[in-house]
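Remarks on the overall topology
Chain by chain, the residues:
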Amino acid sequence: MSGALRLAWRYLAHHRGRSLLLVACLALALLLPIAVQGLVRTFATELRARAAATPLVAGAPGSRYDLVLNALYFRGRVPAPLTVGEARAIGADGLATVVPVLHRRTAGGHPVVGTTPEYHEQRGLAVAQGTLPLVLGQAALGARTATRLALAPGDTLLTDQGSLYDLAAGYPLRLHVVGVLGETGGPDDDAVFVDLKTAWILEGLGHGHGDAGEQAPDRVLARQGDEVTLGAAVVEYGEITPENLAGFHFHGDDDEHPVTGALVFPRDDKARTLLRGRYRVRSDVQLLVPAEVVEEVLGLVFRLKRFFDANSVLVGVSAALFLTVVLLLTVRVRRAELETYARLGVARAAVARLLVVELGLVVLAGAATAAVLGALVAAVLRRVLLGT
Amino acid sequence: MPDAAPRSDAPPALEVTDLRFAYGPGAFELDLPAWRLVPGERAACIGPSGCGKTTLLDLLAGIRLPDAGRVAFEGVAWSELDEAARRRRRLARVGFVFQELELLEHLTARDNALVAHHLAPDLGPLAAAEARLDELARGLGLERLLDRRPGGLSRGERQRVALARALVTSPSLVLADEPTGNLDPRAKRGALELLLAEVERLGAALVVVTHDHDLLDAFGTVFDLQQLAPRPSGAPSGTPADEAEPPA
């Protein structure tokens, strides 16, 4: 340890109460700017990484932001639905692999994402335990979901009750956890993945109940030959089991069922260009480049961040003024000590260096404390704001 | 204990010529026409409180500059040097035991003694200074006290730490402002003997301000500031030094 550093440390340690107070003041002054910087940096990095891994996203006309945020990050408002037939048509001529996504519901507060096995292939998701959902009513959990809900293959998870006023929605369904995915550090870690058809059941588009012919008369609206029309009083299954699996069915044409978006992975650049050109003129389907939309979102975020940056500059100036006052008061309070250095013959520069080292240690400790606390606050904010 | 080997033919360690100093009009004034101290010479400065003994030491160390006249240390007048050079020279060549000791409360006795080496690495390797301090500490009975702060030391122990700080740089001039003032008679004699032995070993010149007339026989020159007349130690009675007042 150099001499000045040793003496500076001794002074700060001897006056530890005063030193800690200074460190705390500085740390608090620097905390918010550091936390905001950290949060925005992480936010931007994660958003960009996810967008870069998704060449195109398709959805119904409407908000670009809602579509991208829902399909890629499972967040934000639910976009207008697109039929799965329209989604599949994008890749019908082999130009792209289309992965439909339906996310409207939650389970244990985590987004339930209905999709096809291609999703896991395209995202490179590995199964850490168990298997991917193979039949109706099964679910694979993202790594964080499994940890937070303390669930493993073999457990069950009840989907959350949707809005009371959404009369079309299905009842909560008990999902069977059959797998847990490996951690990716992205939004997939917080999701509950189910088969697309299971997601439709959650939407009330498919359901299961006992044999219509064996229903009590009060649950039957009409009987005509073999045809039985059941009333709303019929009891639907709240869980899909091997015993009742055959009783689940969908009404209407499968192709007409909704998805909230579709991830489109073109075969090559040419296919990508062709698809973009093709869907530029379509008014019923929008095909977006997520990276572009994310940059627009980040543009708004960075504009907001400029206010924080301006605030950071003011806080920095204020902290510098505060330190100057402390330095001046220090010189006054320590006049006798500084005079002793002078009488011994210690050079002014060496004394100045000593004071600067002391101040540097305080600033360093303050900045380090702010960095640690800032990272913690950023992590908390990230969890609160982004749910990751 | 007279001077071991003062070399009167050697170039003077200190040479004062027509020194005049005052703190302001009507205030205390110091006026010393001429004085010379050779390497190895020991001088005691006596005089009543307030007669300017501490001020004289400050002038000899280049801490203050005279209003008129010249104080030369090893042939170079302090007034010919700028502030930085004076400090550099003082730190490297002058050991000073201050009247108020001026130990730094936040440092241990060891760091207090080595403060010059900590802040001026060009004084030499710290390890060598630490070895020398250990040697001095043994002589001063400080070995087990080096890790204590001044607040944990008695006045006498603090005084010995101040002595160690003054000697650890191996100075060629040692100035001590009542270095034994608060020590018991036994410790006083021991500290003085160590000071004198170290000064002799270094071949350094020594100027001690003291009110303790029992110690004067250890000095080759006794200087009564009130009379402004240096005289050899053991001069006949009736000289001004004998008339010096006891400590206030």
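Up top is the structure.
Below, the structure is looked at part by part. Since the structure is predicted, the reported quantities are computational estimates derived from the model, not experimental observations.

1. Structural notes on the overall build of chain B
Tallying secondary structure elements over chain B gives 7 helices and 10 strands in all. Looking at chain B as a whole, 54% of its 248 residues qualify as buried. Residue pairs at least 24 apart in sequence account for 68% of intrachain contacts in chain B once pairs closer than 6 positions are excluded. Approximately 10300 Å² of chain B is accessible, and the part contributed by carbon and sulfur atoms is 48%.

2. A short note on the interface of chain B and chain A
Interfaces are often sized by the accessible area lost when the parts come together. Counting residues at the interface gives 20 residues for chain B and 20 residues for chain A. Interface area, chain B with chain A, both sides summed: about 2100 Å², of which 59% is carbon and sulfur. Its salt-bridge partner being Arg6(A), residue Asp111(B) comes within 2.8 Å of it at the nearest N-O pair. At the boundary of chain B and chain A, one finds 8 residue pairs in polar contact (both at pLDDT 80 or more). Taken together, the elements giving at least two residues each to the side of chain B that touches chain A come down to helix H2 (83–93) and helix H4 (115–119) of chain B. With 5 residues, H2(B) is the largest single contributor of residues to the side of chain B that touches chain A. For the side of chain B that touches chain A, the per-class residue count stands at 7 nonpolar, 3 polar and 10 charged.

3. Quick notes on the side chain of Asn70(A)
Residues and elements named next belong to chain A. Tracing the backbone shows Asn70 in helix H3 (residues 64–73). For Asn70, a relative accessible area of 0% puts it in the buried group. Within the structure, the side chain of Asn70 is placed 3.3 Å from the backbone oxygen of His103, a separation counted as a polar contact.

4. Comments concerning the packing of H3(A) against helix H9 (residues 290–333) of chain A
Residues and elements named next belong to chain A. Two elements in contact, H3 and H9, have axes whose closest approach is 10 Å; the angle formed by their N-to-C orientations is 115°. Relative to H9, H3 is oriented roughly perpendicular. Note on packing geometry: the crossing formed by H3 with H9 is left-handed. Side by side, H3 and H9 meet where Arg64, Tyr65, Val68, Leu72 and Tyr73 of the first sit next to Pro290, Val293, Val294, Glu296 and Val297 of the second.

5. Some remarks on helix H8 (residues 269–280) of chain A
Relative to the 16 Å expected for 12 residues at 1.5 Å per residue, H8(A) spans 16 Å between its end C-alpha atoms, a close match to the ideal helical length. Two or three places before Lys270(A), at the start of H8(A), stands the capping residue Asp268(A), its side-chain oxygen 3.2 Å from that residue's backbone nitrogen.

6. Description of the packing of aromatic side chains
Applying the stated criterion across every chain yields a total of 6 aromatic pairs over all chains. With centroids separated by 6.3 Å and ring planes inclined at 80°, the aromatic side chains of Phe74(A) and Phe193(A) adopt a geometry described as edge-to-face. With Phe74(A) in the loop between H3 and strand S2 (82–83) and Phe193(A) in strand S10 (residues 192–195), the pair connects residues that are 119 residues apart, well separated along the chain. Residue class for Phe74(A) comes out buried when judged on its relative accessible area of 5%. An aromatic cluster of three or more residues is present, and its members are Phe74(A), Tyr119(A) and Phe193(A). Here the basic side chain of Arg334(A) rests over the ring of Tyr11(A), its NZ or CZ set 3.4 Å away from the ring centre. Over the ring of Phe96(B) we find Arg343(A), and its NZ or CZ is 5.8 Å from the ring centre.

7. Considering the nonpolar core
By size, the foremost hydrophobic cluster in this structure holds 46 residues, and its most contacted members are Tyr341(A), Trp35(B), Leu56(B), Leu60(B) and Leu175(B). What Leu175(B) contacts, discounting residues up to four positions off in sequence, is Leu57(B), Leu60(B), Ala61(B), Val94(B), Gly95(B), Phe96(B), Val97(B) and Val207(B).

8. Examining the sheet that holds strand S16 (residues 261–266) of chain A
Residue and element names in this part refer to chain A. Across the sheet, 4 strands lie side by side as S3-S16-S1-S17; this open sheet has antiparallel pairing. Whereas interior strands pair on both sides, the edge strands pair on one side only; in this sheet they are strand S3 (96–101) and strand S17 (286–288). Strand-to-strand twist across the sheet, computed as the mean angle between neighbouring axes with direction ignored, equals 25°. Where strand S1 (residues 56–59) and S16 come together, 3 bridges link them in antiparallel fashion. Residue pairing across strands places Val57 opposite Leu263, the latter belonging to S16.

Conventions and cut-offs
- Residues numbered from 1 in each chain as written.
- Chains lettered and ligands numbered in written order.
- Predicted model: local features only at pLDDT ≥ 70, side-chain atom pairs only at ≥ 80, totals over all residues.
- Heavy atoms only, no water.
- Helix = DSSP H or I, 4+ residues; strand = E, 2+ residues; numbered from the N terminus.
- Buried < 20%, exposed > 50% of the residue type's maximum accessible area, 1.4 Å probe, protein only.
- Contact = heavy atoms within 4.5 Å.
- Areas by Shrake-Rupley, 256 points an atom, 1.4 Å probe, with all protein chains shown as cover.
- Buried area = accessible area lost by both parts, 1.4 Å probe.
- Salt bridge = Lys/Arg side-chain N within 4 Å of Asp/Glu carboxyl O.
- Polar contact = N/O pair within 3.5 Å; in protein donor to acceptor, adjacent residues only side chain to side chain.
- Nonpolar A, V, L, I, M, F, W, Y, C, P; charged D, E, K, R; others polar.
- Axes fitted to C-alpha atoms, helices over the stretch in contact; angles between N-to-C directions.
- Parallel < 35°, antiparallel > 145°, perpendicular 65-115°, else oblique.
- Left-handed = near helix turned anticlockwise from the far one by under 90°.
- Expected span 1.5 Å × (residues − 1).
- Phe/Tyr/Trp six-rings, centres within 6.5 Å; stacked < 30°, edge-to-face > 60°.
- Lys NZ or Arg CZ within 6 Å of the ring centre and 35° of its normal.
- Core = buried A, V, L, I, M, F, W, Y, C linked by side-chain atoms within 4.5 Å.
- Pairing = 2+ DSSP bridges.

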